[in-house]
Amino acid sequence: MSEKTDKNVQAGKAATADTAGGTEQRRLSVFKTYKLYVGGKFPRSESGRVFEVTDSGGNWLANAPLSSRKDARDAVVAARKAFGGWAGATAYNRGQVLYRVAEMLEGRREQFASEVADAEGLSQAQAAAQVDAAVDRWVWYAGWTDKIAQIVGGGNPVAGPFFNLSSPEPTGVVAVLAPQGSSFLGLVSVLAPVIATGNTAVVVASEKAPLPALSLGEVLATSDVPGGVVNILSGRTAEIAAPLAAHQDVNAIDLAGADEALAKELEIAAADNLKRVLRPQPVDDWAATPGTDRMTAFLETKTVWHPTGSLGASGSAY
């Protein structure tokens, strides 16, 4: 009997244990394969590369795809293709879709709590609180989709026979560098306002803790979010962010997950096509009420003038 065959026989004996009630078959755990989320699909990196993801104690958790420049370009193409339909949807419909994301996350609460606990070195109770806050954050932004226009738009008083109306419109494709220290709640806090206002997003997950972000892609795929509206990449933040900042078809970039040196480099690259840039801002508590700043950061204002007709003594003629 060969050494390999002998080991197989021993493994088979170890996998079967006799009990009083019969034979109990032990099974091996099925390790999860994490993939990118691009265009509504789950590809591996085109480079074929992966990198090891470890928990806060340095223990191996999984291999995550190591995205390349080509993956970043593919994600931008998918985001641009999805932009017209998503921006053209009614604000109420976008709110329904975001609420559906919250529903699906609620059903997978334990999974995300476990991933967040491993990623950030939190207790299960602390991680569950982070997940609950993330679910609530989706609901909060879902409620804002059809209200933000009333906050930042409206009629403007003018001296003349004109209507002057300002209304917000989405900027376009937004690259989002997820916060490094808050693997899930921070990610949701920077992603949800981008898509709530009709933009599409290319997200670079936390380099140290990408697994909750990659699992979020599985939720988005089953939550009525059209393919391409959100695209999630994992890997080295600087390596992926550089081509996104310089990409001519990316309209804006959120540098939440960049350090000071990288943020400066990316801001210079982004100036080439006049991208909107949201620089990193210190956040003491991601669970705090976020306000509307991250929504308005990626909105453009369209102002329309329309004649009212002649104004006479008897009033306006339209």
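Conventions we followed
Residues numbered from 1 in each chain as written. Predicted model: local features only at pLDDT ≥ 70, side-chain atom pairs only at ≥ 80, totals over all residues. Heavy atoms only, no water. Helix = DSSP H or I, 4+ residues; strand = E, 2+ residues; numbered from the N terminus. Contact = heavy atoms within 4.5 Å. Areas by Shrake-Rupley, 256 points an atom, 1.4 Å probe, with all protein chains shown as cover. Axes fitted to C-alpha atoms, helices over the stretch in contact; angles between N-to-C directions. Parallel < 35°, antiparallel > 145°, perpendicular 65-115°, else oblique. Left-handed = near helix turned anticlockwise from the far one by under 90°. Nonpolar A, V, L, I, M, F, W, Y, C, P; charged D, E, K, R; others polar. Buried < 20%, exposed > 50% of the residue type's maximum accessible area, 1.4 Å probe, protein only. pLDDT = per-residue confidence, 0-100. Phe/Tyr/Trp six-rings, centres within 6.5 Å; stacked < 30°, edge-to-face > 60°. Lys NZ or Arg CZ within 6 Å of the ring centre and 35° of its normal. Pairing = 2+ DSSP bridges. Core = buried A, V, L, I, M, F, W, Y, C linked by side-chain atoms within 4.5 Å. Expected span 1.5 Å × (residues − 1).

## Considerations on the overall build of the protein
(1) Moving on: Helices and strands together make up the secondary structure of the protein, namely eleven helices and 14 strands.
(2) Moving on: Within the protein, contacts between residues at least 6 apart in sequence are counted, and of these 73% link residues at least 24 apart.
(3) Moving on: About 15800 Å² of surface is accessible on the protein, with carbon and sulfur atoms providing 52% of the total.

## A closer look at the packing of helix α3 (residues 91-107) against helix α5 (residues 124-144)
(1) Moving on: As a packed pair, α3 and α5 sit with axes 8 Å apart at the nearest point and diverge in direction by 165°. Considering their axes alone, α3 and α5 lie roughly antiparallel with respect to each other. Two packed elements cross with a definite hand, and for α3 against α5 that hand is left-handed. Of the residues in α5, those in contact with G95, L98, Y99, V101, A102, L105 and E106 of α3 are V135, W138, V139, Y141 and A142.
(2) Moving on: Along the lines of polarity and charge, the residues of the contact of α3 with α5 split into ten nonpolar, one polar and one charged.

## Some details on the environment of K35
(1) Moving on: Examined against the element boundaries, K35 turns out to sit in the loop between β2 (22-25) and β3 (50-54).
(2) Moving on: What makes K35 partly exposed here is its relative accessible area of 26%.
(3) Moving on: With 198 residues separating them along the chain, K35 and L233 place their C-alpha atoms 8.7 Å apart.
(4) Moving on: Not counting residues up to four positions away in its chain, the partners in contact with K35 are F42, P43, R44, P65 and L214.

## Thoughts on the confidence of the model for the protein
(1) Moving on: In the predicted model, the protein carries a mean pLDDT of 89, and the fraction of residues at 70 or more is 89%.
(2) Moving on: Segment residues 1-5 is flagged for pLDDT under 50; beyond a separation of four residues in sequence, or across chains, it makes two contacts in the model.
(3) Moving on: Scored below 50 in pLDDT, residues 7-20 makes 14 contacts in the model with residues more than four places away or belonging to other chains.

## Focus: the packing of aromatic side chains
Two measures describe an aromatic ring pair: the distance that separates the ring centres and the angle between the ring planes.
(1) Moving on: In this structure the tally under the stated criterion is five aromatic pairs.
(2) Moving on: A centroid spacing of 4.8 Å and a plane angle of 25° characterise the contact between F112 and F184, whose relative ring orientation is stacked. One end of the pair, F112, is in helix α4 (residues 109-120); the other, F184, is in the loop between β7 (173-177) and α7 (185-196), and 72 residues separate them in sequence. The exposure classification of F112 matches that of F184, with both residues buried.
(3) Moving on: These aromatic residues form a ring-pair network of at least three members: W140, Y141 and W144.
(4) Moving on: The lysine or arginine in question, R80, covers the ring of F83, its NZ or CZ lying 5.7 Å from the ring centre.

## Thoughts on the sheet that holds strand β9 (residues 230-233)
(1) Moving on: Spatially, five strands are ordered β9-β8-β7-β10-β11 in an open sheet, and the strand pairing comes out parallel. Looking at strand neighbours, the two that pair on one side only are β9 and β11 (276-278), the edges of this open sheet. Within the sheet, the average angular offset between the axes of one strand and its neighbour, ignoring direction, is 15°.
(2) Moving on: Bridge analysis of β7 against strand β10 (residues 252-254) gives three bridges, and the strand direction is parallel. The residue bridging V174 from the neighbouring strand is A252, located in β10.
(3) Moving on: Strands β7, β8 (200-204) and β9 of the sheet are contacted by helix α2 (residues 69-88), whose axis makes an angle of about 155° with β8.

## Some details on unusual backbone geometry
(1) Moving on: The phi torsion at D224 lies on the positive side, around 70°, for a residue other than glycine.
(2) Moving on: Locating D224 in the fold gives a position in the loop between α8 (211-221) and β9.

## Some remarks on the nonpolar core
(1) Moving on: By size, the foremost hydrophobic cluster in this structure holds 61 residues, and its most contacted members are L105, W138, F184, I195, V203, L216 and L220.
(2) Moving on: For L220, the residues in contact, after removing those within four places along its chain, are Y37, V101, W138, V225, V230 and I232.
(3) Moving on: One finds V173, V204, A241 and I253 within the second-largest nonpolar core, a separate group that totals 25 residues.

## Description of the pairing of strand β4 (residues 60-65)
(1) Moving on: Here β3 pairs with β4 via five bridges, running antiparallel. Each residue of the ladder has a partner; that of V50, found in β4, is P65.
(2) Moving on: Linkage of β3 to β4, two consecutive antiparallel strands, is achieved through a turn of five residues, within which G58 is found at a positive phi near 90°.

## Some remarks on α5
(1) Moving on: For α5, spanning 21 residues, the distance from its first C-alpha to its last is 31 Å, which sits close to the expected 30 Å at 1.5 Å a residue.
(2) Moving on: Where the residues of α5 are buried, they touch α3, α4, α7, α8 and α11 (293-296).

## Here's the deal with α7
(1) Moving on: Helix length check: α7 (twelve residues) gives 16 Å between terminal C-alpha atoms against 16 Å at 1.5 Å per residue, within 8%.
(2) Moving on: When you tally the buried positions in α7, you get twelve out of twelve residues, the bulk of the element.
(3) Moving on: Three or more residues of α7 are buried, namely L185, G186, L187, V188, S189, V190, L191, A192, P193, V194, I195 and A196.
(4) Moving on: Two residues or fewer after α7 comes G198, characterised by a positive phi angle close to 100°.

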